[in-house]
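Here are the chains, one letter per residue:
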Amino acid sequence: MNRVIHPIEQESFRRLRARLDTSHLPPLTRAVVERVVHSSADLEYATDLVMDEGELVRAHAALHAGAPVVADVEMVAAGITRRQTVCRLRDARSGPGLTRSAHAVRLAYEEVGPGALWVIGCAPTALEELLTLNASPALVVGLPVGFVGAAESKAALRESGLPAVSNVSEKGGSAVAAAALNALLYHPLSTEETL
């Protein structure tokens with residue numbers, strides 16, 4: 001099913017590309033950068049995001065082959081279009097040394113097992129918990145936001161060697177995390193250019 005692109009979105013991407021040259025980026029990296037910048041109106045993401053094209057290609061294939069998508073919070077899940085997601089935050093409970101977000105990651109992993117795409121845009125503790133599991137993810141979109149633990153959890157993600165989309169700064173959030181995953185959902189299976 002082809003995605004119908006609204007004229008406002010087309011004009012927004014035209015203006016984005018007039019202000020930010022992404023033509024030198026490989027196709028999926030470009031798609032993620034542009035979609036994140038579009039969702040945030042923050043051009044600084046172009047130099048803040050960290051990802052590898054080869055990892056994105058493999059994640060794109062897994063996603064389009066039906067790999068499960070896990071979101072850390074309902075706001076991330078709501079932002080991911082054209083795909084059902086797993087979000088177990090409503091079922092999670094906090095306890096000594098365990099946040100609700102971390103417990104939700106444990107519950108989600110029990111449900112989906114290895115090979116999922118994980119989209120974390122809110123809680124650094126969710127990302128930290130994921131890194132303790134042997135989840136063998138297809139991709140981790142690790143873009144939690146905040147002044148406590150966000151940058152550190154994303155640095156730990158990059159150091160883990162897991163296939164990932166992250167960023168260096170404290171910036172992030174549900175909208176940009178969902179946008180990064182949507183970029184892979186919207187990108188065609190061929191190498192044609194698309195919004």
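Residues numbered from 1 in each chain as written. Predicted model: local features only at pLDDT ≥ 70, side-chain atom pairs only at ≥ 80, totals over all residues. Heavy atoms only, no water.

- An unreviewed UniProt entry lists the protein under the name Precorrin-8X methylmutase, with Streptomyces tendae as the source organism.
- Looking at the protein in UniProt, the text filed under Pathway (unreviewed entry) is "Cofactor biosynthesis; adenosylcobalamin biosynthesis."
- Checking UniProt for the protein, the heading Sequence similarities (unreviewed entry) contains the comment "Belongs to the CobH/CbiC family." (UniProt positions renumbered as here; feature names shortened; annotations may be inferred.)

Description of the pattern of salt bridges
Next up, step 1: A complete count under the given rule lists 11 salt bridges for this structure.
Next up, step 2: With its nearest N and O atoms 2.8 Å apart, the salt bridge here joins Lys171 to Asp42. Linking Lys171 in the loop between β5 (164–167) and α9 (174–186) with Asp42 in the loop between α2 (27–40) and α3 (45–48), this pair joins segments that are 129 residues apart in sequence.
Next up, step 3: Each of the salt bridges in this network shares a partner with another, and the network as a whole consists of Glu11, Arg14 and Arg15. (Salt bridge = Lys/Arg side-chain N within 4 Å of Asp/Glu carboxyl O. Helix = DSSP H or I, 4+ residues; strand = E, 2+ residues; numbered from the N terminus.)

A look at the pairing of strand β3 (residues 117–120)
Next up, step 1: Residue alternation in β3 divides its side chains into two sets, Leu117 and Val119 and Trp118 and Ile120, and both sets are buried.
Next up, step 2: Pairing geometry for strand β2 (residues 69–71) and β3, over 3 bridges, is parallel. Across the sheet, the residue bridging to Val69 is Leu117, located in β3.
Next up, step 3: Relative to strand β4 (residues 139–142), β3 runs parallel, the two sharing 4 bridges. Considered in β4, the bridge of Leu117 is made with Leu139.
Next up, step 4: After leaving β3, the chain enters helix α7 (residues 124–132) and then returns to the sheet as β4, a path that is right-handed. (Buried < 20%, exposed > 50% of the residue type's maximum accessible area, 1.4 Å probe, protein only. Pairing = 2+ DSSP bridges. Right-handed = clockwise from strand over helix to strand, strands pointing away.)

Thoughts on the pairing of β5
Next up, step 1: Neither face of β5 is left uncovered, since the one carrying Ala164 and Ser166 and the one carrying Val165 and Asn167 both have all their residues buried.
Next up, step 2: Pairing between strand β1 (residues 49–50) and β5: 2 bridges, direction antiparallel. By the bridge assignment, Val50 is partnered in β5 with Ser166.
Next up, step 3: Sheet topology places β4 next to β5; 2 bridges connect them, and they run parallel. Residue Val141 lies in a different strand from β5, and its bridge partner there is Val165.
Next up, step 4: Chirality of the crossover, the property in question, places the unit of β4, helix α8 (residues 150–160) and β5 among those that are right-handed.

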